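Geometric and topological summary
Each chain, letter by letter, is given below.
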Amino acid sequence: MDRFYAYLNDDRLRSNKTVIDHLLGFFRRIRALSHEAGVEDIRTTDVFATALAFLIAREDATERPGFYGLSGDGPTLFSKLDPNGLTAAVAEIEQASGSLSLLELYPALAIRHAGGQLFQEAHFELLRGGTGFDLFGLIGAPEVKPTSRGGTHFTPPALARSLVEQVFNTLPDLGQRSELTLGDPSCGSGAFLHEAYRALRRMNFQGRLTLVGSDISSAAIAMARFVLSAAKRDWEPKGGVELKLKVGDALGDLGMPHQADVIVMNPPFIAFGAQTPEQRQQLRDATDASASRGDYSMAFVIRALEAVKEGGVVGTLFPSSLLSLKAAGSWRERVLDLGQVKLLGSIGDFGLFTHAMVQVACSVIQKSKKSPSSEFVALVTENESNATGTAFRYLRKLNGKAPSNAVIEEGWNLFPVPVSALRGRPTWRLPTPSTERILRDLNDSFLPSISDLFDVAQGVQTGLNEVLLLTLDEWRRLPNKERDFFRLATMSDSIQNAHFFKPYRVFFPHGPTGPLFANEQEIKRAVPTYFTKYLAPNRERLERRASIVRARRADWWGLMHPRAYAYDKTPRIISKFFAAEGGFAADLDAEYIPVMGHVWMPKGVLVDDDPQQLSTSDILSAYTAVFNSSVFIKLLSLYSPHVAGGQYDVSSRHVGPIPIPNLRELSAADRQGKLVRALAANGRSIDLADRVWRTRTAQLVTELYGTPALADI
């Protein structure tokens with residue numbers, strides 16, 4: 001069977017025009033005719049659905065609109081179209097032109113097999129902007145065929161089909177059920193509902209079936225009703241089918257399909273910055289404060305799991321960033337509280353999502369209070385043609401069970417993962433089996449961890465940056481004698497390309513033994529200008545800071561947490577609070593205090609004053625090169641949750657367990673010592689824009705780790 005499929009795939013007709021393209025041309029003609037007839041653009045989908053029904057059944061479609069899934073006034077709107085223009089459009093669509101002129105359109109067959117994708121494309125064209133009618137009243141062809149992963153719904157039919165099959169494999173006793181309620185709270189034009197209906201037909205389901213779909217777009221619901229009505233005409237289970245399709249917000253007044261057996265969906269992907277105030281509130285209501293800046297799709301997943309029956313199953317797509325996004329941490333734990341993960345996939349095949357803005361993940365989750373099964377199926381596909389399709393075909397053979405051993409193929413991996421591996425983890429990122437082997441090799445090499453070599457501490461906390469943290473220009477406007485009470489400080493924008501770029505000045509009225517000023521009179525005399533301009537006007541706010549109140553401190557002008565390392569002159573590394581390549585800078589003279597960031601203080605095992613050995617500054621220069629290398633950032637991505645912009649949380653609890661070579665120890669050996677010295681030289685001349693620097697640093701880091709495969713993560 002696999003060889004036969006490969007033959008069909010290789011021998012398929014190569015054409016730059018599909019039946020979808022052909023029918024989209026018809027949609028544009030109908031849209032232009034509707035515009036000419038004075039029909040509202042949003043009603044174009046009702047007219048288009050009527051036109052397709054007309055192609056299938058001619059006058060019977062206009063006489064029995066409900067039977068064909070048409071709106072009540074669809075035939076009336078259709079009758080307003082110019083007869084001559086409609087005749088020409090029908091003649092053009094029923095017979096292809098050019099090199100495909102021998103091909104004839106079978107509209108019922110086209111709707112049966114391609115209706116979902118057709119209406120998704122048509123819906124996207126309708127929503128993507130104005131009508132754009134040209135001089136002749138026609139709609140021009142779109143410049144691209146976007147499958148946007150933003151707020152617009154688009155579900156590749158092949159992916160919907162595969163996910164639906166995995167959902168049904170998880171649902172117990174499907175064949176024996178007398179009734180089944182299946183919902184999609186963001187159904188768009190009905191792709192998931194349509195594929196689920198077809199799958200139930202293949203599985204010979206004969207119970208009572210209720211399909212519940214909702215969407216905020218009336219045009220989408222009109223398309224979904226037409227496609228599902230066409231499927232219903234082809235086949236119905238003995239128990240019958242009821243379609244419940246409504247326009248409305250599933251996170252609002254309309255609500256989720258309550259007590260459904262199955263919910264399958266591709267919820268809208270909307271990042272926090274693009275959400276409306278109402279959507280942000282819906283996300284907060286469904287999750288918690290820590291997840292309130294996450295993606296809008298998170299709210300759909302939680303509400304769906306809450307809505308399904310005990311034992312019910314949710315199959316969903318979502319942005320793969322949620323597997324590791326810091327803001328989604330509590331959301332991931334909530335998902336585990338509500339159900340058992342049966343499938344978790346990271347889909348790298350962008351061929352499924354042409355012009356995709358976001359990489360996609362998928363999951364099948366069963367709502368159950370029973371003890372979770374020991375393993376779930378993990379799927380990782382790369383951005384290679386047909387990778388995801390091939391992987392899902394293999395998964396189909398497993399009938400919903402986890403493979404006994406990992407399946408490693410070119411472009412995709414399928415492997416069992418213990419369910420316990422998800423609970424309490426900072427990320428759900430799915431390392432491939434080869435990556436797992438590399439991590440095991442690193443663990444078996446008994447390398448120390450970052451926490452063995454560094455104390456990673458958060459920056460000082462002012463509690464009121466607008467008063468206690470000054471820009472360089474603000475600081476320079478103070479009298480010279482007052483400037484001495486400020487220290488160089490870093491914020492998120494202070495480190496670029498691994499160098500200090502934009503320093504700030506933080507007011508630092510502290511010494512190793514405590515506050516520098518015993519009372520208010522002393523600080524007034526020491527910094528009169530700063531006191532008058534900044535401190536006095538904000539006294540109440542400064543006094544109300546939590547640590548000041550809690551410790552009943554009299555020095556209300558001081559920092560909340562000045563940190564002990566601020567008095568230590570040992571060389572150190574300073575990082576951004578969220579960092580990636582270029583986010584680590586060596587502070588060899590201990591000049592800077594991070595306010596928004598972390599300080600990496602070397603522990604005693606790295607400090608050595610022996611002039612015969614590499615200096616502490618050299619060792620830290622080498623580590624600065626390590627931390628800014630592509631190799632380390634790949635390793636970091638497996639341990640730390642990521643945040644917007646491709647950055648990672650480098651708090652001590654995340655970076656502490658990361659294995660890393662002891663460069664002080666290695667520097668004493670002949671061969672490794674040369675590598676450490678070369679790395680130190682690179683650390684003193686970091687240039688991430690230089691390909692030679694990046695390549696050479698990655699090579700040195702890989703060699704010092706002693707695991708060549710590390711470069712392949």
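Reading guide: rules and limits
Residues numbered from 1 in each chain as written. Predicted model: local features only at pLDDT ≥ 70, side-chain atom pairs only at ≥ 80, totals over all residues. Heavy atoms only, no water. Helix = DSSP H or I, 4+ residues; strand = E, 2+ residues; numbered from the N terminus. Buried < 20%, exposed > 50% of the residue type's maximum accessible area, 1.4 Å probe, protein only. Contact = heavy atoms within 4.5 Å. Areas by Shrake-Rupley, 256 points an atom, 1.4 Å probe, with all protein chains shown as cover. pLDDT = per-residue confidence, 0-100. Pairing = 2+ DSSP bridges. Phe/Tyr/Trp six-rings, centres within 6.5 Å; stacked < 30°, edge-to-face > 60°. Lys NZ or Arg CZ within 6 Å of the ring centre and 35° of its normal. Salt bridge = Lys/Arg side-chain N within 4 Å of Asp/Glu carboxyl O. Arc of directions from axis to C-beta. 1 Å grid on protein atoms, 1.4 Å probe; cavity = no way out; pocket = protein on both sides within 12 Å on 5 of 7 lines; lining within 4 Å. Points joined across faces, edges and corners; volume = space filled by probe spheres on them. Nonpolar A, V, L, I, M, F, W, Y, C, P; charged D, E, K, R; others polar. Axes fitted to C-alpha atoms, helices over the stretch in contact; angles between N-to-C directions. Parallel < 35°, antiparallel > 145°, perpendicular 65-115°, else oblique.

Along its length, the chain carries 29 helices and 25 strands. Looking at the 713 residues of the chain, the share that counts as buried comes to 55%. Contacts in the chain between residues at least 24 apart in sequence constitute 75% of all its contacts with a sequence separation of at least 6. About 31,400 Å² of surface is accessible on the chain, with carbon and sulfur atoms providing 50% of the total.

In this section: unusual backbone geometry. The backbone of R552 shows a phi angle near 50 degrees, a positive value even though the residue is not glycine. Mapped onto the fold, R552 is located in the loop between α23 (546-550) and β19 (572-575). According to the relative accessible area criterion, R552 is exposed, its value standing at 79%. The phi angle at A590 is positive, at roughly 50 degrees, despite the residue not being glycine. Structurally, the position occupied by A590 is in the loop between β21 (584-587) and β22 (592-594). On the basis of relative accessibility, which here comes to 1%, the residue A590 falls in the buried class.

Looking at the chain, the pLDDT average stands at 86 and 90% of residues meet or exceed 70. For residues 135-153, every residue scores under 50 in pLDDT, and the model assigns this stretch 55 contacts once sequence neighbours within four places are set aside.

With respect to the helices and strands, A230 occurs in helix α10 (residues 218-234). Exposure remark for A230: the relative accessible area of 8% places this residue in the buried category. In this structure, the C-alpha to C-alpha distance between A230 and F67, residues 163 residues apart in sequence, is 8.8 Å.

Turning our attention to the sheet that holds strand β25 (residues 647-649). Spatially, three strands are ordered β20-β25-β24 in an open sheet, and the strand pairing comes out antiparallel. Two strands in the sheet have a free side with no partner beyond their single neighbour: β20 (578-579) and β24 (642-643). As defined by bridge partners, β24 adjoins β25 across two bridges and the pair is classed as antiparallel. Among the inter-strand pairings, V643 is bridged to a residue of β25, identified as Q647.

What follows covers the packing of aromatic side chains. Tallied over the full model, the rule gives 27 aromatic pairs. With centroids separated by 5.8 Å and ring planes inclined at 65 degrees, the aromatic side chains of F454 and F627 adopt a geometry described as edge-to-face. Placement of F454 in strand β11 (residues 454-458) and of F627 in helix α24 (residues 616-627) is noted, with a sequence separation of 173 residues between them. Here a set of aromatic residues connected by ring pairs shows up, and it is made of F454, F584, W600, Y623, F627 and F632. For the cation-ring pair, R233 lies above F67, with the distance from its terminal atom to the ring centre recorded as 5.9 Å. Here the guanidinium or amino end of R280 rests over the ring plane of F272, the centre of that ring lying 3.9 Å away.

Attention now goes to the pattern of salt bridges. For the structure shown, the criterion picks out 28 salt bridges. Among the ionic pairs, R29 bridges to E92, the shortest N-O distance being 3.0 Å. One end of the pair, R29, is in helix α2 (residues 19-36); the other, E92, is in helix α6 (residues 83-94), and 63 residues separate them in sequence. Residue classification places R29 among the partly exposed positions, given a relative accessible area of 24%. Under the relative-accessibility criterion, E92 is labelled partly exposed at 45%. The residue E520 makes a salt bridge to R539 at a minimum N-O spacing of 2.7 Å. Taken together, the residues span a long stretch of sequence, with E520 in helix α20 (residues 520-526) and R539 in helix α22 (residues 539-543) at a distance of 19 residues.

Time to look at the pairing of strand β7 (residues 360-366). Most of β7 is tucked away, with seven of its seven residues classed as buried. Side-chain alternation along β7 places V360, C362, V364 and Q366 on one buried face and A361, S363 and I365 on a second face that is also buried. Here strand β5 (residues 313-319) runs beside β7; their pairing, made up of seven bridges, is antiparallel. Within the sheet, the bridge partner assigned to G315 lies in β7 and is V364.

Moving on: the pairing of strand β8 (residues 375-381). Across the seven residues that make up β8, a large majority, six, are buried. Relative to β8, strand β6 (residues 340-347) runs parallel, the two being bridged by five bridges. Residue L344 lies in a different strand from β8, and its bridge partner there is A378. Looking at chain direction, β8 and strand β10 (residues 412-418) are connected through seven bridges and run antiparallel. Within the sheet, the bridge partner assigned to L379 lies in β10 and is L414.

Here we come to helix α21 (residues 528-535). Because each turn of an α-helix spans 3.6 residues, side chains separated by three or four positions end up pointing in the same direction. Regarding α21, the residues found buried are Y530, F531, Y534 and L535. Each buried residue of α21 lies within a common arc of 105 degrees when the element is viewed along its axis, so the set occupies one face.

Our next topic: empty space enclosed by the protein. This structure, assessed with the given rule, holds seven cavities of 30 Å³ or more. In this structure, the second largest cavity occupies an estimated 60 Å³ of space. Looking at the lining of the second largest cavity, the elements with two or more residues in it are α8 (157-170) and β6. Here the lining of the second largest cavity is built from residues that sort into four nonpolar, three polar and one charged.

Right, let's get into the packing of helix α25 (residues 630-639) against helix α29 (residues 691-705). Two numbers describe how α25 lies on α29: the axes approach to 8 Å, and their chain directions differ by 60 degrees. Judged by the angle between their axes, α25 and α29 are oblique. Contacts between α25 and α29 involve S630, V631, F632 and L635 from the former and R694, A698, V701, T702 and Y705 from the latter. Here the residues of the contact of α25 with α29 sort into six nonpolar, two polar and one charged.

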